[in-house]
Every structure is written in C-alpha cells, then in structure tokens.
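Notes for the structure review
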Amino acid sequence: MTSHPVILAFRSSVRCWRHRALLRVALEASDVRCRRRYSTHSRGGVSSMEEILSRVVAPLPSYETRDKSPPPPETNSLEFMYFYKSLDKEDKLCFLTKLSQDFGVDHKSVSELALKLLDTQLRDLATILLAEDRLRYTLTPRYKQLFSHISRVEGGVKFLVDLRADVLEIISSKASDSPHIRTPSSAGSMEYTSQFDLSFVWVKIGRPSQRLLFPHGVVDDLNGALKSLLSEWFSVGLLRLERITWQSPCEILQKISQYEAVHPVRNWTDLKRRVGPYRRCYAFTHAAMPGEPLVVLHVALTEDISDNIQSIVREFATLDSDEDVNKINSAIFYSISSTQAGLQGVELGNVLIKRVVRELQSEFPVMAQFSSLSPIPGFSAWLQGLLSQCRKEGRAFDLLSEEEWKEIQHATDSTPGTPTVDSLRKLLSSNEWMRSERLCGVLEPVLMRLCAWYLYGEKRRGYALNPVANFHLQNGATMWRLNWRADTSPRGVANSCGIMVNYRYFLNETSKNSARYLQNKVIAASDQVLGFVSQFQKASKL
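The following paragraphs examine the structure supplied in this document. Computed from a prediction, not measured in an experiment: that's the story for all the values here.

Examining the overall build of the chain
Of the regular secondary structure elements, the chain holds 22 helices and 11 strands. Within the chain, the fraction of its 542 residues that count as buried is 48%. Taking as baseline every contact in the chain between residues at least 6 positions apart, the subset at least 24 positions apart corresponds to 77%. For the chain, the exposed area adds up to about 26300 Å²; of that, 52% sits on carbon and sulfur atoms.

Structure (structure tokens):
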C-alpha cells in the first residue's frame, strides 16, 4: 500500500497535470498560423490538416470495449500517409506538432484515474490491479493506435521509419536553437532540461516572420511512442541476416554502395571487391521493408588483425582468386553503417556483429580473432579545439613538453615570432604533413598519446565521448590497439590524423566487459592503449 505522505505528494502532482490546459493558450498563436496555412489547401479540394486528423485518428475506445472495437478502414491509414508525403518540410513540422499536441493522451482522464487509483490503495488487490490497468490503458496516446494501423498496410512500416526520421530532425533543430533541449547522447539516451511541462522553447522555422512555439515534450512524446513501436517491430527475432554477394540483386548492391558511410565505394569494381573473396558483407533485413538493408556490416578475412585500411579497401590482387582457408584466421569489421535514420536508438548494430560472429564461426571453425578496424571521427576537431584553448590561455607547455615544441618548431620551419602552437594547428588542418617522414616521426608520439587520451579519457556522462568507441565498448570489446598512419586518405587524415583503432572482441570476455562499461563505466583497454594514456598523463598538466 502507498504511504499517506506519498499519496499527498502524488495528489499534488496530479493537480499539476490539470495545468496542462495552460499549454493550449500558449500554443494558440502557432495553431492559428497552421490553420491559416492549411486552409489554403482546401481551396484545391485537399482536406485541411484538422479535417484529416479528425477523420483518420480514431478516438481511444473505452476501457470496456477496447478489445471489441472494429479496426478503422485501411483508407484512413492510406489517406494519412498520402497527405503527409505531400507536405513540405515546414508543413510537416506544423502537422506533427498538431498531431502530438491534440491527438495524444487525454490528460484530464489520466488525472481522474490517477486520483481513483490512490483512493483504491486500502481496498483489495484485484481492485488496485484493475485501477492500475485502466490508468495504463488511458496513458496510450490516440496517435499510437493510428501508427499501429499504418504498420499493417503495404509500405506502412517504412513510412513510420521515415516519419520518425523527420521527428528526430525536428528535435535536433530544437536543440540547435535552444540550450534547454539536448540531442541524443552517445550512450543512446535522450535528455533535456525541463521545468515540468510549462517551460517553452522558441523554434524558428521557414520564413523569417514565422515562429512556432513548442512546449518541452510535445514532439518528444511522439518520438518516444514511435521508438517504442519500432523497437518491438524490429526485435531480433523478426530480423533476417543476409549475406550480400556479387550475385545479389542489383538493387541491393546499389543500395549497399549508396549507404556505405565509413569508406565510400568508388565504383562497381570496388564494390565487387568488397563482396568477393576474402571479404564478407552482411545486412539485416525485415519482411515489412523488402529490398531495404537496415544495417550493413563489411568484414575482411585476414591472417592477422589488420592495422591499415588501405590494405583492405584498395587491395585488388585477390579479386578473382579462390579463398585459401589456411590464410583466414581473423575477421576484421571495418565498416558498419545504419541505413535508416528513423531507427536511431533501436539496437541493431550490436546484434548484427554478434550474429555475424556466429555465422563466421560456423563457416571457419578455427577462426580465433575478431576485431574492428575503426575510424576515430572527431579526434582532429577535438585536438584543434584543445590547441586553440591552450593558445588562448597561454598553456601550450601544459600539453606538450618544451623539448617537443622545439622539435615541432624545427620540423615545421616556423617563422620567427609565430607561436609554434599556431604552426601546429595550421599544419594539422591539411594533409601535407603526412607526406613528410620527418614530420610524421616528430608528430607520431605526440598524436598517438593525445588520441589515446581522447578515446580513453574524454567522457560524456561517464561514457566514451567518441561515438564509435562508445558503440564497441557497449558491445563488450576491448580498446586494443592504436594504429599510426592507418588511414592516409584525405578523409582519414582530416578526421583523425590518419590514426585508426582496433576494438578487439575476446568472445569469452565481451559479456563481462559490456556489463562493467554500462554499469560502472569502466573501459577495457590493452597495455598499449594504457601506456599511451599514462604518457599523456605524465607529459600533460591539463
């Protein structure tokens, strides 16, 4: 039973829910603009936004008839889909806001049922459970029913995935315009500062004269409902693992090429190499989205753990050769790409890696080594910011030793009077230094220890700041080896000074490592990485 002080506190919070009526007053200005805009659609025979939503979003059936109410006609879902697709970006924003704001949870009914639940605390358990079930049912947004019905029509699931991508873009634009709302963190959670639901954020969209007013959870609740549904529909048991080969349908191969986000595919020969001998390409697909790879994993089959990406993506010597099983001892995950923005936060990538490991173990029983060869996006930007801060605060010697600054000054032939830190920043902003053995020799120890610290020591809410590191560490991998000049492409030099990292999957340790990282924020790292971190801590006074 609930204690009396808790009941009083809960009653007080329930009364606050009634204040949500104030939201409608504050939102009238934006509603008027939306009505004016959509009233112009009616002149061409197209129903207005309000008419469409009132017609296709059915009221929530009563609790007693929830299992007896007939489903709405399929035309409702098709009409909603067609109308939404016809809107431009600004109108979609207004439409989604209207949907989430006026066709969500009935807060008045929730308040009443919450009070009734408190009044049943001294009654029998069956009565309490019934009251809880009624409250749980009433907390279902009206639009969630609509989404469930849309998922049953042809193309409906793909439509909802794209719809959530639009919602996430709206949330992202809100975050960029306001410090009060934050985008998803690297750990996959959404956080925003809120003072209940009466705090507001101004979001400027479209034409300079237009401003829409949003309360903190209007679109976020819509995102939560969509994510919950998509997580159910895209659960592991409903996903199909497919190996992509040169004999796969041309449409699939073309999408694999288009979706490759880590190491862009240059041409058809390049693509043929990536699905040919000593290579594997796997993708998750879903029956509701035929012909659409959801997440794609590229694997290189090698003798040892690779330390250079060029040897993987630009080596064509074995394009038409037969695989020699005796030369295959390692599986290198060198690219993993999520293809659907609307599935952000739905666990697919980590599950795909685990499934592929089992698939490879079945094909190559003696395979003993599994590792990624991963880029380090954000390292160069972080380093430039760090150098700029040290320059501004006059603390350059807190980052590098005096001897190292002298070596850099000599190696860069800095102009007398020019601060060496400025010369270093300018040097790192181009890829010219990578062609000089002298510069590479001077910069290697400095950049390797800085990169190790960036991956191991820079945190966000206690987890690795780098999103790729965070992904693999959550999966239970070990931060195993930093590789110097591992990606000498312009993109690799610009993003991470050419450094790449292996995240090693020791299969008997992944569960333990994952639990320690997620629960205690402990990073599993090799002696090499920890050695670089120790060097950073000794050399740096930051």
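After presenting the structure, the write-up continues.
Quick word on the environment of Ile-312
Looking at where Ile-312 falls in the secondary structure, it is placed in helix α13 (residues 310-313). Overall, the relative accessible area of 3% leaves Ile-312 in the buried class. Sequence spacing of Ile-312 and Ile-332 is 20 residues, and the spatial spacing of their C-alpha atoms is 9.4 Å.

Side note on the environment of Leu-473
In this fold, Leu-473 is placed in helix α19 (residues 467-474). When its relative accessible area of 2% is taken as the criterion, Leu-473 is described as buried. Once the C-alpha coordinates of Leu-473 and Tyr-505 are considered, the two residues, 32 residues apart in sequence, prove to be 9.7 Å apart. Once residues lying within four places of it in the same chain are set aside, the contact partners of Leu-473 are Ala-464, Met-479, Ser-514, Tyr-517, Ile-523 and Ala-524.

Some remarks on helix α3 (residues 49-56)
Residues Met-49, Ile-52, Leu-53 and Val-56 constitute the buried set of α3. Seen from one end, α3 has its buried residues packed into an arc of 90°, which puts them on one side.

Focus: the packing of helix α18 (residues 437-456) against helix α22 (residues 527-539)
Look at α18 against α22: their axes get within 8 Å of each other, and the N-to-C directions meet at 105°. By the angle between their directions, the pair α18 and α22 is classed as roughly perpendicular. Side by side, α18 and α22 meet where Met-448, Arg-449, Leu-450, Ala-452, Trp-453 and Tyr-456 of the first sit next to Val-529, Leu-530, Phe-532, Val-533, Gln-535, Phe-536, Gln-537 and Ala-539 of the second. Here the contact of α18 with α22 is composed, by residue class, of 11 nonpolar, 2 polar and 1 charged.

Observations regarding the pairing of strand β6 (residues 330-338)
With 7 of 9 residues buried, β6 lies mostly within the body of the structure. Sheet analysis places strand β5 (residues 295-302) next to β6, joined by 8 bridges and oriented antiparallel. Bridging from a neighbouring strand, Val-296 pairs with Ser-337 of β6. Across 4 bridges, the pairing between β6 and strand β7 (residues 369-372) is parallel. The residue bridging Ile-332 from the neighbouring strand is Ser-371, located in β7. Running through helix α14 (residues 349-363), the crossover from β6 to the neighbouring parallel element β7 is right-handed.

Concerning the packing of aromatic side chains
Applying the stated criterion to the full structure yields 15 aromatic pairs. Aromatic side chains Phe-80 and Phe-159 sit 6.1 Å apart centroid to centroid with 85° between the ring planes, which places their arrangement in the edge-to-face category. Of this pair, Phe-80 sits in helix α4 (residues 74-85) while Phe-159 sits in helix α9 (residues 156-177); the two residues are 79 residues apart in sequence, bridging distant segments of the chain. For the pair formed by Phe-80 and Phe-159, the shared burial category is buried.

Observations regarding unusual backbone geometry
For residues that are not glycine, phi is negative in most cases, and the peptide bond is trans in most cases. In the Ramachandran plot, Cys-497 falls in the positive-phi region, its phi being about 55° despite a non-glycine side chain. As for its placement among the helices and strands, Cys-497 is situated in the loop between α20 (490-496) and β11 (500-504).

Concerning the nonpolar core
Counting 115 residues, the largest nonpolar core has Phe-234, Phe-333, Leu-360 and Trp-433 as its most contacted members. Apart from residues no more than four positions distant in its own chain, Trp-433 is found in contact with Leu-427, Leu-428, Leu-439, Cys-440, Leu-443, Leu-447, Trp-484, Val-493 and Cys-497.

Concerning the environment of Val-295
As for its placement among the helices and strands, Val-295 is situated in strand β5. Residue Val-295 is classed as buried on the basis of its relative accessible area, which comes to 3%. With 13 residues separating them along the chain, Val-295 and Tyr-282 place their C-alpha atoms 8.4 Å apart. Aside from chain neighbours lying at most four places away, what touches Val-295 is Tyr-282, Ala-283, Phe-284, Ile-336, Ser-337, Ser-338, Thr-339, Leu-348, Gly-349 and Leu-352.

Some words on the packing of α4 against helix α5 (residues 89-102)
How two helices sit against one another is set out by the angle between their axes and by the gap between those axes. Direction vectors running N to C along α4 and α5 enclose 145°, while the axes themselves pass 10 Å from each other. Residues Phe-80, Phe-83 and Tyr-84 of α4 form the contact with α5, whose participating residues are Lys-92, Phe-95, Leu-96 and Leu-99. Split into classes, the residues belonging to the contact of α4 with α5 amount to 6 nonpolar, no polar and 1 charged.

Rules used throughout
Residues numbered from 1 in each chain as written. Predicted model: local features only at pLDDT ≥ 70, side-chain atom pairs only at ≥ 80, totals over all residues. Heavy atoms only, no water. Helix = DSSP H or I, 4+ residues; strand = E, 2+ residues; numbered from the N terminus. Buried < 20%, exposed > 50% of the residue type's maximum accessible area, 1.4 Å probe, protein only. Contact = heavy atoms within 4.5 Å. Areas by Shrake-Rupley, 256 points an atom, 1.4 Å probe, with all protein chains shown as cover. Arc of directions from axis to C-beta. Axes fitted to C-alpha atoms, helices over the stretch in contact; angles between N-to-C directions. Parallel < 35°, antiparallel > 145°, perpendicular 65-115°, else oblique. Nonpolar A, V, L, I, M, F, W, Y, C, P; charged D, E, K, R; others polar. Pairing = 2+ DSSP bridges. Right-handed = clockwise from strand over helix to strand, strands pointing away. Phe/Tyr/Trp six-rings, centres within 6.5 Å; stacked < 30°, edge-to-face > 60°. Core = buried A, V, L, I, M, F, W, Y, C linked by side-chain atoms within 4.5 Å.

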